[in-house]
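# Observations on the model geometry
Take a look at the letters that make up each chain.
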Amino acid sequence: MRDQIVDDLQLRIPTVPLRLISQGAEALIFMTNQHPYLPAGVNPCDVDNPGKYIIKYRPPKPYRHPKLDKRITATRTSSEAKLLHKLYQLGVKAPKLIAIDAPNGLIWMEFLGYQLPDMRYSSLKNWLWLLERESDRDHPVALADNVKDCCNGIGRSIGVLHLHGIVHGDLTTSNIVLTDEATLKPSLIDFGLSSYSGLPEDRAVDLYVLERALKSTHPVYAEKYWEWILDGYHDVHEEDGKRGRKKYSETISRFKEVRMRGRKRTMIG
Amino acid sequence: MVDMDAFAKPGKPYYLALGMEGSANKLGVGVIKHHLGPLDENNRAEILANVRSTYNAPPGQGFLPRDTARHHRNWVVRLVEKALKDSGVKVSDLDCLCFTQGPGMGAPLQSVVVAARTLSQLWELPLVGVNHCIGHIEMGREITGARNPVVLYVSGGNTQVIAYSRQRYRIFGETLDIAIGNCLDRFARTLHIPNDPSPGYNIEQLARKGKHLVELPYTVKGMDLSMSGILEYVDGLAHDLFSGKKSKYLYDEEDGERITVEDLCFSLQENLFSMLVEITERAMAHVDSNQVLIVGGVGCNERLQEMMGIMAGDRNGSIYATDERFCIDNGIMIAHAGLLAYRVGYGNELEDTVCRQKFRTDEVYVKWRDD
C-alpha cells in the first residue's frame, strides 16, 4: 500500500526524485534535491542546506468520503503552510516554506539538520542519545555547557511560539532538530498538529507533552534537561516585560495542574 | 507465563462464573465456563447462557437513571433464573459472581450490585467487581482471537482508543466531552425516531439512504476528539429543516436539492466515524500495531466496520469486530473478565463492592496477561 502511495505521488511529479524518509499515520515525508520551480542546480540563497528539500505529503484516505477527505487534506495542508510562513515572519527558526499544493496535500520546505558523528540525523533525540552513550561518571558530556545552551535555546523557541499565541501540539525530542554543528542552534519541526490558541491550558499541555517525552526517551538526565528548557522558556517571557511575565505565571500554574491531573498521568505517549 | 490455575478448586477441571451487567439501559446476565489452563485457540471459553433485557425510552426521550434502575430491579431476578435455566448449571457448581462495578450510570449500577450482593450471601459465592471497559476488551479478544490489538471502544457512554502495555490497558485517545453513542442517541431524539431496537441502529438505517454530504465541524485534537460541537451544529440544521427554513446551507451545493433527514444522518456518521478511524490509525502508528478490535454498542455499525477495515487494510492489518450479542452490553463479558480476574486471585469483599461511576480503564492491573 505504501508503495502504491509513493508511486501515485511520483506519477504526479515525475521529474522530482523522491526518497521516503519517514511515515506517520497522516503524512509521508520525502527528501528531494529538486527545487519546485528553479532549474536543477540552482538554489535560493537563504536556505540552510542548498539542494536538500523536504516534501510532506498527505495522501488521500480511502476510508473517508471523498468530499470530506478533500476538505480535510486541503485545510490541514494550508494551515500548516500558513503557520510555517508566520514563523518565518516572526523570525522563529523553523523550516522555510518553499511551495504548497493544498488540494493535493503537498508542502515543499527547507531541509534542516545535519549528520551526527554516528551517521544519524541531528534530531535532539539522536544527539542526546549519542552524548548519553559517551557519558560516564567522570565525564558527563550529556550535561556539558553546550547541552545547557541548546536546551535554553529550545525553551526560548517554545516561549516565542507561545508568546505569539501558537502552540506546537506535538513537542517531542524527535520534533526538535539541531540545525548547525558549530552553534547547535535548535529548531522545531513538524507543525502538523499546531494551532493558534490563547488558552493557558493548551500552552501547559504543550509543555507537559515535551516533559513526558523527555522522561520516556532520556530517563537518566531528563530532569536536568527539563530544568534548562524551562529556564530558557522563563527568560524569553521575562524579556517580553509585564505581558510576558503574566503569561508565564498563567502557563506555569496551569502546567502544575496538568501534571497533577490523573487523566494524563497514567497515560503513555 | 501467568499461572491461571493457582486458585482452582481441587479436583474440578473447569470454572463457572455468572456475570451481571447493568451500567446503562441494558440488563444482562451470562454464564461462562473456562477449562483449566490458559485460554488459547484450543481452549476457548464456553458461553452457556447470555440473556439480556433492554429498557427503551419513548421516542424523543433518553433513558433516565431512575426509570432504568427500576427496569433493572424488576427484571434482575427473572433474568438470573433464565440464565441458570439456559445454562443448566447448578448454583452450587458456580465459582464466583461477577458484577459491573463501573463506569456507568449510578442508579442502574447500584440496583445490579444490590442484587449481586444478595445472591453472593444467599449462595455463599465470592464477588468479583469488573470494569465494564475491560469486560468489553477481554470478551472481544476471546471471541475474535485478536491477540494484541489496538482497541476502539465506542458506546453510549464511552469513546476510547486503548492499547495494552505492561499489564494495563492504556488510554491513548478519548473523547473530551460526550461519547459517540450519546451524540448519535441525542440526534435521534432531535429527529424523534424510535429508540427501539436502538437509536443508533435506526440512524444507521436512515444513513444508508442519504446521498448528500453536509459540511459539519471536524474536531480531532491529536489523539483525542470532541463531539459536543458537532451535535449542536447538526441539531441546529435539523431544527431549521423541520421549521421549513429556506437558508442556503439547507440545499446541496452541487445539485441544489434540499437536504433530507437521511442526508443529515449520513453526514453525521461519515464525519464522526472518520474522526474515530483517524485517531485509531494514529494510535496504531504510535504503538506499531496492525490489528484493530472494535467493541461497544456503536461497534455494531457496519459503516464504521467498513471504514475501519479499509484503514486497516491499507496498513496491511486486520480488523476484528463482534456481532450484537457481544458488542452491545451483555452479562457474558462481565462473567468472562471477572472469571479471568478470579483465576489470578482477584475478589471483592462485601465492603468494597461500592460501584464507581468513573472507574477508569487504566486503573485495572491486568494480572492475567504478562506479554
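The shown structure was predicted, so the numbers you read here are calculated from the model rather than taken from an experiment. (Residues numbered from 1 in each chain as written. Chains lettered and ligands numbered in written order. Predicted model: local features only at pLDDT ≥ 70, side-chain atom pairs only at ≥ 80, totals over all residues. Heavy atoms only, no water.)

### Re the interface of chain A and chain B
Our working rule: Throughout, a residue-residue contact means that at least one pair of heavy atoms, one from each residue, lies within 4.5 Å. In this description, buried area is defined as the sum, over both parts, of the accessible area (probe of 1.4 Å) that is lost when the two are combined. For this document, the term salt bridge refers to a Lys or Arg side-chain nitrogen within 4 Å of an Asp or Glu carboxyl oxygen. Numbering of helices and strands starts at the N terminus; helices are DSSP runs of H or I of at least 4 residues and strands are runs of E of at least 2. Lys, Arg, Asp and Glu make up the charged group, whereas Ala, Val, Leu, Ile, Met, Phe, Trp, Tyr, Cys and Pro make up the nonpolar group; the residues left over, Gly among them, are polar.
Contacts between the two partners involve 20 residues from chain A, matched on the other side by 36 residues from chain B. A buried area of about 2,400 Å², summed over both sides, lies between chain A and chain B, and 54% of it is on carbon and sulfur atoms. Across the salt bridge formed by arginine 64 of chain A and glutamate 278 of chain B, the nearest N and O atoms sit 3.8 Å from each other. For the side of chain A that touches chain B, the secondary-structure elements that each account for two or more residues are α2 (66-90) and α8 (262-265) of chain A. By residue number, the principal contributor to the side of chain A that touches chain B is α2 of chain A, which donates five residues. Tallied by class, residues from the side of chain A that touches chain B come to nine nonpolar, three polar and eight charged.

### Observations regarding the UniProt feature "domain: Gcp-like" (unreviewed entry) in chain B
Quick note on the threshold: UniProt positions are given in the numbering used here, feature names are shortened, and annotations may be inferred rather than shown by experiment.
What UniProt calls "domain: Gcp-like" (unreviewed entry) maps, in this numbering, to residues 47-335 of chain B. What you have in residues 47-335 of chain B is 48% helix and 18% strand, and the ends, taken at the C-alpha atoms, are 10 Å apart.

### Here we look at the domain arrangement of chain B
Residues and elements named next belong to chain B. Note the cut-off: Each domain's extent is set by a domain assignment, obtained either automatically or from a database.
Domain parsing of chain B yields domain 1 (14-140 + 329-363) and domain 2 (147-326). The C-alpha-based centres of domain 1 and domain 2 are spaced at 27 Å. Domain 1 puts 26 residues into the contact, and the matching count from domain 2 is 25 residues. Both faces considered, domain 1 and domain 2 share a buried interface measuring about 2,000 Å² in area, 53% of it formed by carbon and sulfur atoms. When the buried surface of domain 1 facing domain 2 is broken down by residue, His136, Ile137 and Asp362 rank first, second and third, together holding 24% of it.

### What to know about the sheet that holds strand β1 (residues 14-21) of chain B
Pairing between sheet strands relies on hydrogen bonds along the backbone, with the strands arranged either parallel or antiparallel. All names here are of chain B. In plain terms, the rule: Paired strands, as defined in this entry, are two strands with at least two bridges between them according to DSSP. The convention used is that axes are lines fitted to C-alpha atoms, helices contributing only their stretch in contact, and that angles between N-to-C directions extend from 0 to 180 degrees.
Strands sit in the order β3-β2-β1-β4-β5 across an open sheet of five strands; the sheet is mixed. Since the sheet does not close on itself, it has two edges, and those belong to β3 (46-54) and β5 (127-131), each with one partner. Pairwise comparison of adjacent strand axes, ignoring direction, gives a mean angle of 20° for this sheet. Alignment of β1 against strand β2 (residues 26-35), held across eight bridges, turns out to be antiparallel. Each residue of the ladder has a partner; that of leucine 16, found in β2, is lysine 33. Helix α2 (residues 106-123) rests against β1, β2, β4 (96-102) and β5 of the sheet, and its axis sits at about 160° to β4. Of the strands in this sheet, β1, β2, β3, β4 and β5 are in contact with helix α10 (residues 331-343), which crosses β2 at around 45°.

### What about the UniProt feature "binding site: substrate" (unreviewed entry) in chain B?
Residues and elements named next belong to chain B. The UniProt record marks Tyr153, Val154, Ser155, Gly156, Gly157, Asp185, Gly200, Glu204 and Asn301 with the feature "binding site: substrate" (unreviewed entry), using the residue numbering of this structure. Within the secondary structure, tyrosine 153 is located in strand β6 (residues 150-154). Within the fold, glycine 157 resides in the loop between β6 and β7 (159-165).

### Considering the packing of aromatic side chains
The condition that has to hold: What counts as a ring pair is set by centres within 6.5 Å for rings of Phe, Tyr and Trp (its six-membered ring), and what kind of pair is set by the plane angle: stacked under 30 degrees, edge-to-face over 60, tilted for all other angles. Each residue is placed in one exposure class: buried if its accessible area under a 1.4 Å probe, protein chains only, is under 20% of its type's maximum, exposed if it is over 50%, and partly exposed if it falls in between. Any Lys NZ or Arg CZ found within 6 Å of a ring centre and within 35 degrees of that ring's normal is scored as a charge over the ring.
Per the counting criterion, the structure on display carries six aromatic pairs over all chains. Both rings, one in tryptophan 226 of chain A and one in phenylalanine 255 of chain A, keep their centres 5.8 Å apart while their planes meet at 45°; by these two values the pair is tilted. Of the two residues, tryptophan 226 of chain A sits in helix α6 (residues 222-239) while phenylalanine 255 of chain A sits in helix α7 (residues 242-260), which places them 29 residues apart along the sequence. As far as the burial class goes, tryptophan 226 of chain A and phenylalanine 255 of chain A line up, both buried. Sitting over the ring of tryptophan 75 of chain B, arginine 78 of chain B keeps its end group 4.1 Å from the ring centre.

### Here we look at the confidence of the model for chain A
All names here are of chain A. Definition in use: pLDDT expresses how confident the predictor is about each individual residue, on a scale running from 0 to 100.
Taken as a whole, chain A shows an average pLDDT of 89; of its residues, 96% reach a score of 70 or greater. The lowest-confidence element of chain A is α8, averaging 41 in pLDDT; the highest-confidence one is α6, averaging 95. Taken as a whole, residues 262-269 scores under 50 in pLDDT and shows 22 contacts with residues more than four places along the chain or in a different chain.

### Thoughts on the packing of helix α5 (residues 200-217) of chain A against α6 of chain A
Helix-helix packing is characterised by the crossing angle of the two axes and by the distance between the axes. Residue and element names in this part refer to chain A. Counted only if it meets this: Roughly parallel covers angles under 35 degrees, roughly antiparallel covers those over 145, roughly perpendicular covers 65 to 115, and oblique covers all other angles. Should the near helix be turned counterclockwise from the far one by less than a right angle, the crossing is left-handed, whereas a clockwise turn marks it as right-handed.
Here α5 crosses α6 at 155°, and the two axes come no closer than 9 Å. By the angle between their axes, α5 is roughly antiparallel relative to α6. Regarding α5 and α6, the two cross each other, and that crossing is right-handed. Mapping the contact onto sequence places Leu207, Leu210, Glu211, Leu214 and Lys215 in α5 and Ala222, Tyr225, Trp226, Ile229 and Tyr233 in α6. Among the residues forming the contact of α5 with α6, the class breakdown is eight nonpolar, no polar and two charged.

### Here's the deal with unusual backbone geometry
In this structure, the amide linkage connecting glycine 102 of chain B to the following residue, proline 103 of chain B, adopts the cis form with an omega of -10°. Aspartate 196 of chain B connects to proline 197 of chain B through a cis peptide bond whose omega is 0°. Take proline 197 of chain B: it is sitting in the loop between α4 (180-191) and α5 (199-207). Unlike most non-glycine residues, leucine 184 of chain A shows phi in positive territory, near 60°.

### Considering the nonpolar core
The cut-off we apply is this: Side-chain atoms within 4.5 Å link the members of a nonpolar core, which is a set of buried Ala, Val, Leu, Ile, Met, Phe, Trp, Tyr and Cys residues.
Membership of the largest hydrophobic core comes to 56 residues, with the highest contact counts inside it found for Ile180, Phe187, Leu264 and Leu272 of chain B. Ranked by residue count, the leading element in this core is helix α7 (residues 261-287) of chain B, at 12 residues. Those residues in contact with isoleucine 180 of chain B, other than ones at most four positions away along the chain, are Val154, Ser155, Asn158, Thr159, Met227, Leu272, Phe273, Leu276 and Val298 of chain B. With 50 residues, the next largest nonpolar core counts Ile54, Leu131, Cys151 and Ile158 of chain A among its residues.

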